[in-house]
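# Geometric and topological summary
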Amino acid sequence: MAEAPAKRITDIGPPHHKKFLPPVILNNYGKWKYHEIPRPGVLLHVGETGDKLWSVRAASPRLIAIDTLRWYADLADKYAGGHLRFTSRNNVEFLVTEEKNVDPLIAELTAAGYPVGGTGNAISNIVHTQGWVHCHSAATDASGIVKCVMDELTPYFTSMKLPGKLRIALACCLNMCGAVHCSDIAILGIHRHAPAIKHDQVKKVCEIPSVVAACPTAAIRPATVEGNASVEVIEENCMYCANCYTVCPAMPLNDPDTDGVSIWVGGKVSNARTEPRFSKLAIPFLPNNPPRWPEVTEVVKKLVELWAADARKYERMGDWIERIGWPRFFKLAGIEFQKQHIDDFKHAGLTFKRSTHIRFDKA
Ligand code: SF4
Ligand code: SF4
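Quick look at the structure, then. None of the values given here were measured: they were computed from a predicted structure.

### Re the sheet that holds strand 3 (residues 52-58)
Pairing is antiparallel across the open sheet formed by 5 strands, whose spatial order is 1-2-3-5-4. With partners counted over all chains shown, the strands left at the sheet margins are strand 1 (32-39) and strand 4 (84-86), one partner each. Taking each pair of neighbouring strands and ignoring which way they run, the sheet shows an average axis angle of 25°. Across 5 bridges, strand 1 lies against strand 2 (residues 42-47) in antiparallel orientation. Looking at strand 2, one finds that Tyr-34 is bridged to Val-46. Along the sheet face, helix 3 (residues 102-111) touches strand 1, strand 2, strand 3 and strand 5 (92-96) and points at about 10° away from the line of strand 3.

Okay, structure coming up:
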């Protein structure tokens, strides 16, 4: 006799977060008095009762093995009463209630290659995506570039000497999973030619009206090609966004020779001092050059150094650029102004210069 199917359990949601909180947080929930940052990577939270909690923040590559998770758990058992959490930038934070455990925990993390930092005016972890590890539409890799860039910027992770916070994000295609559209520096994978169309497959694997509707520039229209019900792309209207490929696997764009990376700057999410803003295009194209992406790494480092040297206290990258003006920023960064910098999508006029206020640089 066939076995009865196991009862299907569904819609139970995640476990309640309070189940995992250390007693000190439960006892002081909503009653924290203040916090301070006694050293990079360590936040000291003090409750109204006088209770203290040190959260020790370490870098994490985000993509980690179960062995690493077990090691994190062992460290938490040893130093933090079994309690840790992950931050919104994928750092790991150990929740320590005994001050004597802070130094040995930091020593053990650092010795294993997990720097402690990411607090205050620092460069914290890079919010990033799947890249060639797991996604079908990536124009570049994620983990690879992130590792190369952070290798260069680790001194800014482990210190708090910058004028303000500087957030870096990476997305491997224009879907922009994550935070590239609102980061101080964003690394974004791009394609540079129109999709190839496998006309004999379109009808079999794609819903043609959805494909047509997926194109932001209306470059796709239904067509019969060599007897196949398919689509055609008006190439001069295509901007290589790959939205069509997302809905139609018969329209691939990925190309190892022409895919690469664009760099965006000046975005922020917080409302502190100035309004949140989107990041804007700084460099239209840099090549994919694995495994170390030297061009990308060099540019990101240079942008960080320029901003760090010239920005005023608490000025974010976008605030700084607004103050000095985009022409000056381009000149300082050695970026050639190109036609790709000029917005030509809907409502582009709003981004054009509409005043006579312009600064002429001295020769
Ligand atoms: S950004 Fe694009 S390629 Fe990267 S994970 Fe998201 S959908 Fe995939
Ligand atoms: S790549 Fe983007 S712009 Fe080009 S045809 Fe596909 S959806 Fe349209």
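### Let's talk about the site of ligand 1
What surrounds ligand 1 is the set Thr-129, Gln-130, Cys-135, Ser-137, Ala-138, Cys-172, Cys-173, Asn-175 and Cys-177. When the residues that make up the shell around ligand 1 are grouped by side-chain class, the tally is 5 nonpolar, 4 polar and no charged.

### Things to note about empty space enclosed by the protein
Gaps between atoms show up when a probe of the same size as a water molecule is rolled over them. In this structure the tally under the stated criterion is 2 cavities of 30 Å³ or more. Roughly 70 Å³ of volume is contained in the largest cavity. Taken together, 15 residues make up the lining of the largest cavity; nearest its centre are Cys-215, Ile-220, Cys-238, Cys-241 and Cys-244. Residue classes in the lining of the largest cavity are distributed as 13 nonpolar, 2 polar and no charged. There is about 40 Å³ of room inside the second largest cavity.

### What about the packing of helix 8 (residues 294-310) against helix 10 (residues 326-333)?
Close contact between helix 8 and helix 10 brings their axes to 10 Å; oriented N to C, the two are set at 120°. Compared by their axis directions, helix 8 and helix 10 come out oblique. Regarding helix 8 and helix 10, the two cross each other, and that crossing is right-handed. Between helix 8, through Lys-302, Leu-303 and Leu-306, and helix 10, the contact on the second element is made entirely by Phe-329, Leu-332 and Ala-333. Considering only residue class, the contact of helix 8 with helix 10 consists of 5 nonpolar, no polar and 1 charged.

### Overview of the packing of aromatic side chains
For the structure on display, the rule yields 11 aromatic pairs. Residues Trp-326 and Phe-329 carry aromatic rings whose centres are separated by 5.6 Å and whose planes lie at 85° to one another, so their mutual orientation is edge-to-face. One end of the pair, Trp-326, and the other, Phe-329, are both in helix 10, 3 residues apart, so they sit about a helical turn from each other. Ring pairs connect the aromatic residues Trp-71, Tyr-72, Phe-86, Phe-94 and Tyr-114, which therefore count as one cluster. The lysine or arginine in question, Arg-192, covers the ring of Phe-285, its NZ or CZ lying 3.5 Å from the ring centre.

### Quick word on the nonpolar core
If you look at the biggest cluster of nonpolar residues, it comprises 40 residues, and the most contacted ones within it are Ile-187, Ile-263, Val-300 and Phe-329. Those residues in contact with Phe-329, other than ones at most four positions away along the chain, are Val-265, Ala-282, Leu-303, Trp-320, Ile-321, Ile-324 and Ile-335.

### Considerations on the site of ligand 2
If you check the shell around ligand 2, you find 13 residues, and the closest are Cys-215, Cys-238, Cys-241, Ala-242 and Cys-244. The pocket occupied by ligand 2, as judged from atoms lying within 2 Å of grid points, is the largest cavity.

### What about the packing of helix 9 (residues 317-324) against helix 10?
Axes are the key here: two packed helices are described by the angle between their axes and the distance separating the axes. The N-to-C vectors of helix 9 and helix 10 enclose an angle of 110°; their axes lie 6 Å apart at closest approach. Taken together, the axis directions place helix 9 and helix 10 in an arrangement best described as roughly perpendicular. Contacts between helix 9 and helix 10 involve Trp-320, Ile-321, Glu-322 and Ile-324 on the former and, on the latter, Trp-326, Arg-328, Phe-329 and Leu-332. In terms of residue class, the contact of helix 9 with helix 10 is made up of 6 nonpolar, no polar and 2 charged.

How each quantity is defined
- Residues numbered from 1 in each chain as written.
- Chains lettered and ligands numbered in written order.
- Predicted model: local features only at pLDDT ≥ 70, side-chain atom pairs only at ≥ 80, totals over all residues.
- Heavy atoms only, no water.
- Pairing = 2+ DSSP bridges.
- Helix = DSSP H or I, 4+ residues; strand = E, 2+ residues; numbered from the N terminus.
- Axes fitted to C-alpha atoms, helices over the stretch in contact; angles between N-to-C directions.
- Contact = heavy atoms within 4.5 Å.
- Near = heavy atom within 4 Å.
- Nonpolar A, V, L, I, M, F, W, Y, C, P; charged D, E, K, R; others polar.
- 1 Å grid on protein atoms, 1.4 Å probe; cavity = no way out; pocket = protein on both sides within 12 Å on 5 of 7 lines; lining within 4 Å.
- Points joined across faces, edges and corners; volume = space filled by probe spheres on them.
- Parallel < 35°, antiparallel > 145°, perpendicular 65-115°, else oblique.
- Left-handed = near helix turned anticlockwise from the far one by under 90°.
- Phe/Tyr/Trp six-rings, centres within 6.5 Å; stacked < 30°, edge-to-face > 60°.
- Lys NZ or Arg CZ within 6 Å of the ring centre and 35° of its normal.
- Core = buried A, V, L, I, M, F, W, Y, C linked by side-chain atoms within 4.5 Å.
- Buried < 20%, exposed > 50% of the residue type's maximum accessible area, 1.4 Å probe, protein only.
- Sits in = over half its atoms within 2 Å of the grid points.

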